[in-house]
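# Close look at the chain arrangement
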Amino acid sequence: MATLTVTEKTEKLRAAVKLLNEATEQVIKAWEDDESKPIDGSGSAVPSKALYDGRRTVLGTIGIFLELVQEPQARLMEVTHEFYEARALQIAAEARIPDILAEGDPKTGVPIEELSKRTGIKDHKLCRVLRALCSVHIFREVSNNHFANNTVSQVLVGNDPLRAFVLALGYDIYTASTAFPQVLFDPVKTQAETDSVTAFQDAHNTTLTRWDWMEQPEVLPDGTTRPRKELANFTMAMLGGGRVMGPPLYTDFPWADLGQSTVVDVGGGIGGMSLDLAKRYPNLSFIIQDREPVLKQAHAVWSKELPSAIQTERVKFMVHNFFNEEPVKNADVYHMRYILHDWSDDDCVAILSAIRPALGPNSRILISDQVMNTTCGTDAIASAPAPLPANYGYGHRFQNLRDLNMMCLFNGRERTADEFAGLAARSGLKVAKIWEVRGMVSITEMRLADP
Ligand SMILES: C[S@@+](CC[C@H](N)C(=O)[O-])C[C@H]1O[C@@H](n2cnc3c(N)ncnc32)[C@H](O)[C@@H]1O
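Report follows, based on the coordinates. (Residues numbered from 1 in each chain as written. Predicted model: local features only at pLDDT ≥ 70, side-chain atom pairs only at ≥ 80, totals over all residues. Heavy atoms only, no water.)

Not every one of the 17 residues close to the ligand is listed here, only the nearest: Gly267, Asp290, Asn321, Phe322 and Arg337. Contact between the ligand and Asn321: a nitrogen atom at 3.0 Å from a side-chain N or O atom of the residue. Within the contact set of the ligand, a nitrogen atom lies 3.0 Å away from a backbone nitrogen or oxygen of Phe322. Burial of the ligand by the protein amounts to 95% of the accessible area it has alone, namely 590 Å². In terms of residue class, the shell around the ligand is made up of eight nonpolar, five polar and four charged. (Near = heavy atom within 4 Å. Polar contact = N/O pair within 3.5 Å; in protein donor to acceptor, adjacent residues only side chain to side chain. Areas by Shrake-Rupley, 256 points an atom, 1.4 Å probe, with all protein chains shown as cover. Nonpolar A, V, L, I, M, F, W, Y, C, P; charged D, E, K, R; others polar.)

As structure tokens, this is what we get:
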């Protein structure tokens, strides 16, 4: 029955409250034990397993409260408006509000008149944008019309890579989402599995894939052209987003045990993850492969952040289309972060098959992508405690939204363990192990099926 009886609702709500109490104590104890270990300057930390599980349980219970306690029609109306929260955050990031607030006194806050003067946005309009964010606990209104950073907005202060991530979602990606419904309802386009027939093309009135579109110069009204801001911003966003998700990937896979290995970073972008690994694991060497315009930026970032790696050739940059056969043979590791999720199954099989001939008996392909759970659960992943959905429900929200983003932009997808195994089998490979990582992204290790 779709509607729960009062007894059923009461039982479920009480079970959620009990779970919330237990998980909250688990989080507090983890805080007190100071088990969370920051490993870089960006504020990202690798949580202990207890903190990681406690957090997602607490967040999962929020979904149950929304389901049971909020008036259902009001709940639906609220969700229809949630994109304005993303827009408000984009505006705040674009105006660098967190940086401006950081210059003020956090006790008294910065008056809206000053924020208006500094950003050029009319005062009462900016005030309402910031209040909408304060209501979802991003920023703090310390007294009427005086704003300060809170724990959440604080992480954007001086953090251009994370700011770029916020902007990337607000630029071409948000625009792509406007055509998402029309493409899914289109009887022909809904069947498409390629990256050239997606909401992105409909919304941007182009036949180009997103990657090609970003590299095309933008034509201005006077006929002159300039490089698209989206390309430079996106590559920076990969650094920012990667640093948020990255730390558990660096600690929960035994990189140090690889010794003096070479890691080929296939579709490495600016090599954000390799850069962080290079700083932590001095024995590893890297070859960053990507498209030419992206590698130019990669070179610039490494020159600034780790010039010695360029001088000693610990890092090399190689233009390579990953649909062509992998030119670096018998490397220890072929790493792909956020690559396969951009592509349909057939394209992933083509990418993996292009790497396969390069693999030696001890080579491995490491895939840093989400491994999805379902709300009913899968054998490969431990289920959440009752009464939460098996995938932690509300605590799994971002994973599902990312999956929709991949569909919207590329006809890509986030995959379950079974789906990764299917890709491996079609490419002459096998999944050797899924490395459990205390974060949203896991490492799926593939090797030759018959070494
Ligand atoms: C989502 S980004 C991930 C970048 C990087 N792995 C990271 O985690 O920061 C995907 C990357 O794939 C690259 N790419 C797209 N098509 C490609 C192709 N055919 N060959 C090589 N790289 C490609 C893009 O330029 C982009 O840098």
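Here the focus is a nonpolar patch on the surface. On the surface, Phe398, Leu401 and Leu404 cluster together to form a nonpolar patch covering roughly 250 Å² of accessible area. With respect to the helices and strands, the residue Leu404 is situated in helix 17 (residues 397–410). (Patch = residues over 30% accessible without salt bridge, like charges linked within 9 Å, V, L, I, M, F, W, Y side chains within 5 Å. Salt bridge = Lys/Arg side-chain N within 4 Å of Asp/Glu carboxyl O. Helix = DSSP H or I, 4+ residues; strand = E, 2+ residues; numbered from the N terminus.)

Now for the packing of aromatic side chains. Tallied over the entire structure, the rule returns eleven aromatic pairs. Each member of the aromatic cluster is reached from another via a ring pair, and the members are Trp211, Phe234 and Phe410. Across from the ring centre of Trp435, 4.0 Å away, lies the NZ or CZ of Lys433, which sits over that ring. (Phe/Tyr/Trp six-rings, centres within 6.5 Å; stacked < 30°, edge-to-face > 60°. Lys NZ or Arg CZ within 6 Å of the ring centre and 35° of its normal.)

Time to look at the nonpolar core. Ranked by internal contacts, the top residues of the largest apolar core, which has 45 residues, are Tyr334, Met336, Leu340, Leu352 and Ile365. Counting residues per element, this core draws most heavily on helix 16 (residues 345–355), which supplies five residues. Beyond its immediate stretch of four places on either side in the chain, Met336 contacts Val266, Ile351, Leu352, Ile355, Ile365, Leu366, Ile367 and Ser368. Counting 32 residues, the second-largest nonpolar core is a separate cluster that includes Leu239, Met245, Ile270 and Val315. (Core = buried A, V, L, I, M, F, W, Y, C linked by side-chain atoms within 4.5 Å. Buried < 20%, exposed > 50% of the residue type's maximum accessible area, 1.4 Å probe, protein only. Contact = heavy atoms within 4.5 Å.)

Our next topic: the pattern of salt bridges. Close approach of charged atoms allows side chains with opposite charge to pair. All told, the structure shown has 29 salt bridges when counted by the stated rule. A salt bridge links Lys12 to Glu67; the shortest N-O distance between them is 3.3 Å. Of this pair, Lys12 sits in helix 1 (residues 6–32) while Glu67 is found in helix 2 (residues 49–68), placing the two residues 55 residues apart along the sequence. For Glu67, a relative accessible area of 47% corresponds to the partly exposed category. Close ionic contact of Asp276 with Arg243 constitutes a salt bridge, the shortest N to O distance being 3.7 Å. Of the two residues, Asp276 sits in helix 13 (residues 272–280) while Arg243 sits in helix 12 (residues 229–251), which places them 33 residues apart along the sequence.

What follows covers the sheet that holds strand 10 (residues 315–319). Strand order in the open sheet formed by seven strands is 10-9-8-11-12-16-15, and the pairing between neighbours is mixed. Each edge of the open sheet is held by one strand with a lone partner, namely strand 10 and strand 15 (429–435). Strand after strand, the sheet turns through a mean of 25° between neighbouring axes, direction not considered. The pairing of strand 15 with strand 16 (residues 442–448) spans six bridges and is antiparallel. Directly across from Leu429, in strand 16, lies its bridge partner Leu448. Sheet strands touched by helix 13: strand 8 (262–266), strand 9 (285–290), strand 11 (333–337) and strand 12 (364–369). Its angle to strand 9, the strand with the most contacts, is close to 175°. (Pairing = 2+ DSSP bridges. Axes fitted to C-alpha atoms, helices over the stretch in contact; angles between N-to-C directions.)

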